[in-house]
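# Survey of secondary and tertiary structure
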Amino acid sequence: MDLIFNNLSTMAIVFAIGITLLAGFVKGATGFALPMIMVSGLATVLPPDVAIAALIVPTVVSNVWQALRGGGVGAAVTVASRYKLYIGTLLVVIVITAQLVSAMSHDAIMLTIGIPITLLALVLLSGKKFSISDGGRKFADVIIGTISGFLGGLAGIWGPLTVMYLTALETPKKDQVRVTGVIFSAGAVVLGLSHLKSGLLNAQTIPLSLFMIIPVLIGQTLGNRLQDRLDQQKFKRLTLLVLVIAGLNLIRRGMM
């Protein structure tokens, strides 16, 4: 961590902590978007691979908290069992795709992250809804799980498609927040193990990732309070607007 921070100005460090606080706050209020906001923001002051490494440990911690909040282990296991095929597909693809990060150029990583973020946020902002029949559920689990796993392994981002998929299945709000916590926790653990193998998590980046737990949990605590008190749908729209801006910024950097 010292070597990474020695290459950053004080303002850059403050900016990185602020972005992580914001990501934790949005996560607490909406149940998703932590990796997207962190990688989008941190990539403006850190190399993309370091930005991805920085979000892995706090993502695991925040998602475990989300999965267990308000129901404990029993409730988390019950709701997760309904999505076991999706979760299994997601994890397998994350393991495979995570090995590609070090082989891609920084510009390619920026574009691969930015384009899906922008498009998916715009789709959600448009109010579009999808319906999936009971007969097509298993097929959808595999297809959506594969795409989400690809984005997750490459950039630590598997939230947008997961949220859209659960919405299409008309998952109740409390169950949706809980199951996303379970899915994101499992994915983050697998992502972390995969990047220990790929070398993205190493002696320099692991301390940075551990450090980022603090601002994430502070932000998530505040966000949880907002989620309990305010209309979540209105805040999600504001969150998606921020994600559109972040995605466009990544696309701009990738094209430059």
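Report follows, based on the coordinates.

Each value, and the rule that gives it
Starting afresh in each chain, residues are numbered from 1 along the sequence in its written order. A pLDDT threshold of at least 70 governs which residues receive local features in this predicted model, and a stricter bar of 80 or more applies before side-chain atom pairs are shown or counted, although totals over entire chains, interfaces and linings include all residues. Excluding hydrogens and water, the side-chain values take into account all heavy atoms of the structure. All axes are obtained by fitting lines to C-alpha atoms, using only the stretch in contact for helices, and the reported angles, taken between N-to-C directions, cover 0 to 180 degrees. What counts as a helix is a DSSP run of H or I of at least four residues, what counts as a strand is a run of E of at least two, and both are numbered from the N terminus. Angles below 35 degrees are treated as roughly parallel, those above 145 as roughly antiparallel, those between 65 and 115 as roughly perpendicular, and all remaining angles as oblique. For any pair of crossing helices, the crossing counts as left-handed if the nearer helix is rotated counterclockwise from the farther one by less than a right angle, and right-handed if it is rotated clockwise. The criterion used for residue contact is that any of the two residues' heavy atoms lie within 4.5 Å. In the scheme used here, Gly and all other residues not listed as nonpolar or charged are polar, with Ala, Val, Leu, Ile, Met, Phe, Trp, Tyr, Cys and Pro taken as nonpolar and Asp, Glu, Lys and Arg as charged.

### Here we look at the packing of helix H6 (residues 84-97) against helix H10 (residues 173-198)
The contact between H6 and H10 brings their axes to 9 Å, and the two run at 20 degrees. Considering their axes alone, H6 and H10 lie roughly parallel with respect to each other. H10 is crossed by H6, and the crossing has right-handed handedness. Seen from H6, the contacting residues are Tyr86, Ile87, Leu90, Leu91, Ile94 and Val95; seen from H10, they are Val182, Ile183, Ala186, Gly187, Val190, Leu191 and Ser194.

### Things to note about the packing of helix H8 (residues 137-155) against helix H9 (residues 159-168)
Interhelical geometry of H8 versus H9 gives an angle of 160 degrees and a closest axis separation of 9 Å. Our classification of the angle between H8 and H9 gives roughly antiparallel. In this structure, H8 meets H9 at a crossing whose hand is right-handed. Contact residues: H8 offers Arg137, Ala140, Asp141, Ile144, Ile147 and Ser148, while H9 offers Leu161, Thr162 and Tyr165. A class-by-class count of the residues in the contact of H8 with H9 yields five nonpolar, two polar and two charged.

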